[in-house]
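Structural overview for review
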Amino acid sequence: MNKPVRANWSNAVLVCAKCSKKIDGGFGKKGRQSLAKALRRHLGIGKGRKSPLGIVEVKCLGICPRRAVTVLNAAKPDQWLLVEPGTALDEVAAALELDAP
């Protein structure tokens, strides 16, 4: 067995990278950022295992909506969200039950 690696994550959010690529941004102040990057900035967290929350882009989640991004909170795997471009990040964070650290 390999050595375990410690992370500071209290939770993880999975964002479909394929959906994000199809809509080419749509989030953030000017609407040019991906959902993962905009959500990280909005919550004031960094990237990587030292961050208090993990926001990870995964290859594909298997749901391919038109003009939306599939996202889920790993703590609630039975509740997936389809987030349309331009949706307020406060609303997305609340729907995912995320708090700014």
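By convention here, each chain's residues receive numbers from 1 onward along its written sequence. For a predicted model such as this one, the threshold for reporting local features is a pLDDT of at least 70, and the threshold for listing and counting side-chain atom pairs is 80 or more; totals across whole chains, interfaces and linings nevertheless cover every residue. As a convention, hydrogens and water are excluded, and side-chain values are obtained from all of the structure's heavy atoms.

**A closer look at the pattern of salt bridges**
It is possible for side chains of opposite charge to pair when their charged atoms get near one another. The test is simple: Salt bridges are defined as contacts in which a side-chain nitrogen from Lys or Arg sits within 4 Å of a carboxyl oxygen from Asp or Glu. Only DSSP runs of H or I covering at least 4 residues are called helices, and only runs of E covering at least 2 are called strands; the numbering of each starts at the N terminus. Buried residues are those whose accessible area, probed at 1.4 Å on protein chains only, stays under 20% of the maximum for their type, while exposed residues exceed 50% and partly exposed ones sit between those limits.
Under the counting rule described, the total for this entry stands at 1 salt bridge. For Glu 97, the salt bridge goes to Lys 76, with nearest N and O atoms at 3.5 Å. On the criterion of sequence distance, the pair formed by Glu 97 in the segment after helix H3 (89–95) and Lys 76 in the loop between strand S3 (69–73) and strand S4 (80–83) is long-range, its members being 21 residues apart. Of the residues examined, Glu 97 reaches a relative accessible area of 48% and is grouped as partly exposed. Judged by relative accessible area, Lys 76 falls into the partly exposed class, the value being 29%.

**A few points about the sheet that holds S3**
This is how it is decided: When DSSP finds two or more bridges between two strands, those strands count as paired. Think of each axis as a best-fit line through the C-alpha atoms, taken over the contacting stretch in the case of a helix, with angles from 0 to 180 degrees between the N-to-C directions.
In space, the 4 strands of this open sheet follow the order S2-S1-S3-S4, with mixed pairing throughout. What marks the edges here is a single partner per strand, and that holds for strand S2 (54–58) and S4. Direction aside, neighbouring strands of the sheet carry axes that sit 25 degrees apart on average. Inspection of the sheet shows strand S1 (residues 12–16) paired to S2 by 5 bridges, in the parallel sense.

**Section: a nonpolar patch on the surface**
Rules: Each patch is built from residues lacking any salt bridge and having more than 30% relative accessible area; the joining distance is 9 Å for like charges and 5 Å for nonpolar side chains (Val, Leu, Ile, Met, Phe, Trp, Tyr). A 1.4 Å probe and the Shrake-Rupley method give the accessible areas. Residues count as covered only by the protein chains that appear here.
Together, Ile 63, Trp 80 and Leu 82 make up an exposed nonpolar region whose accessible area comes to about 270 Å². Here Ile 63 lies in the loop between S2 and S3. We classify Ile 63 as partly exposed; its relative accessible area is 35%.

**Some remarks on unusual backbone geometry**
Residues other than glycine predominantly adopt negative phi, and peptide bonds predominantly adopt the trans conformation. With a phi angle near 55 degrees, Asp 24 is a residue other than glycine that sits in the positive phi range. One non-glycine residue, Glu 97, lies in positive phi territory at about 60 degrees.

**Here's the deal with the pairing of S4**
In the sheet, S3 pairs with S4 via 4 bridges, with the strands oriented antiparallel. Pairing of Val 71 across the sheet is with Leu 81, part of S4. Hairpin connection between S3 and S4: a loop of 6 residues separates the two successive antiparallel strands.

**A closer look at helix H2 (residues 35–43)**
The condition is simple: Any two residues having at least one pair of non-hydrogen atoms within 4.5 Å are treated as being in contact.
Considered for burial, the residues of H2 that qualify are Leu 35, Ala 36, Ala 38, Leu 39, Arg 40 and Leu 43. As for H2, its buried residues are in contact with S1, S2, S3, S4 and H3. Following H2 by one or two positions, Gly 44 has its phi on the positive side, about 70 degrees.

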